[in-house]
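Inside the fold
Residues per chain are reported as follows:
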Amino acid sequence: MLTSFDKALLNIVQTDLPLSKRPFADLAVRLNAEEATVLERLRYLKDNGYIRRIGPFFDSSKLGYIGTLVAVKVEPEKLAQVAQFINRYPGVTHNYEREGEFNLWFALLTPDLFVQEQTLASIGQQPGVQRLINLPATKKYKVSVQFTLE
């Protein structure tokens, strides 16, 4: 169960995490708490599934990266193994099981097309992968979501 402190903390970390040497100490000052309390509550929130990750979002195209969405048809009994293999690549940002013929979808960022092609070829060779469709990004859509907790 979320406390009022947890809700105030989550409201801030979603969009206003300080960029400083000690961001959690800065949060503690804003919340009239100790840094240790902020860290303890963040650990609790992460351990209990309220927080998936804390980190920055970058405009990958401005950094020179190429993005693509990939649909994979995987034998159901090999799905977990293939998903784990895909997740080893640092450029994989999302990887989800889906219903339908193409039952595994993931987003991939690479520094260039050569690396993208190598990565997809390697994934396509994995046992259980029957087909792979590369759906390169042609237009960027970014949705910003913030949950206001009271």
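Residues numbered from 1 in each chain as written. Predicted model: local features only at pLDDT ≥ 70, side-chain atom pairs only at ≥ 80, totals over all residues. Heavy atoms only, no water.

Some thoughts on the sheet that holds strand β2 (residues 92-97)
So the rule is basically this: One requirement defines pairing of two strands: DSSP has to find at least two bridges between them. Labels follow the DSSP assignment, with helices taken as runs of H or I lasting at least four residues and strands as runs of E lasting at least two, numbered in each case from the N terminus. Every axis corresponds to a line fitted to the C-alpha atoms, with the helix fit spanning only the stretch in contact, and the corresponding angles, defined between N-to-C directions, vary from 0 to 180 degrees. Two residues form a contact once any of their heavy atoms are found within 4.5 Å.
Ordered by their spatial adjacency, four strands build an open sheet running β2-β3-β1-β4, and the pairing between neighbours is antiparallel. The two strands at the open ends of the sheet, each matched to only one other strand, are β2 and β4 (129-136). Going from strand to strand, the sheet's axes swing by 20° on average, the running direction of each strand aside. As paired elements, β2 and strand β3 (residues 104-110) share five bridges and run antiparallel to each other. Bridged to Glu97 within β3 is Leu104. Lying over the sheet, helix α4 (residues 79-87) contacts β1 (66-74), β2, β3 and β4, oriented at roughly 170° with respect to β2.

Some words on the environment of Ile66
Within the secondary structure, Ile66 is located in strand β1. The spatial distance from the C-alpha of Ile66 to the C-alpha of Leu109 is 5.5 Å, given a sequence separation of 43 residues.

Comments concerning the packing of helix α2 (residues 23-30) against helix α3 (residues 35-47)
The line we're drawing: Every angle not falling under 35 degrees, over 145, or within 65 to 115 is termed oblique; those three ranges are roughly parallel, roughly antiparallel and roughly perpendicular. Amino acid classes used here: Ala, Val, Leu, Ile, Met, Phe, Trp, Tyr, Cys and Pro are nonpolar; Asp, Glu, Lys and Arg are charged; the rest, including Gly, are polar.
Axis separation between α2 and α3 bottoms out at 8 Å; the angle between their running directions is 105°. By the criterion of interaxial angle, the relationship of α2 to α3 is roughly perpendicular. Where α2 abuts α3, its residues Phe24, Ala25, Leu27 and Ala28 lie against Glu35, Val38, Leu39 and Leu42. A class-by-class count of the residues in the contact of α2 with α3 yields seven nonpolar, no polar and one charged.

Remarks on α3
Using the following cut-off: Take the number of residues in a helix, subtract one, and multiply by 1.5 Å to get its expected span. Only protein chains enter the area calculation, which uses a 1.4 Å probe; residues under 20% of their type maximum are buried, those over 50% are exposed, and those in between are partly exposed. Directions from the helix axis toward the C-beta atoms define the arc.
Here α3 contains 13 residues, and its C-alpha end-to-end distance of 18 Å stays within 8% of the 18 Å for a straight helix at 1.5 Å per residue. Every buried residue of α3 is accounted for by Val38, Arg41, Leu42 and Leu45. End-on view of α3: buried residues confined to an arc of 100°, all on one side of the axis. Turned more than 90 degrees off the buried face of α3, the exposed positions are Ala36, Arg43 and Asp47. In this structure, the buried residues of α3 make contact with α1 (4-15) and α2. Two residues or fewer after α3 comes Gly49, characterised by a positive phi angle close to 80°.

These figures capture arrangement, not role.
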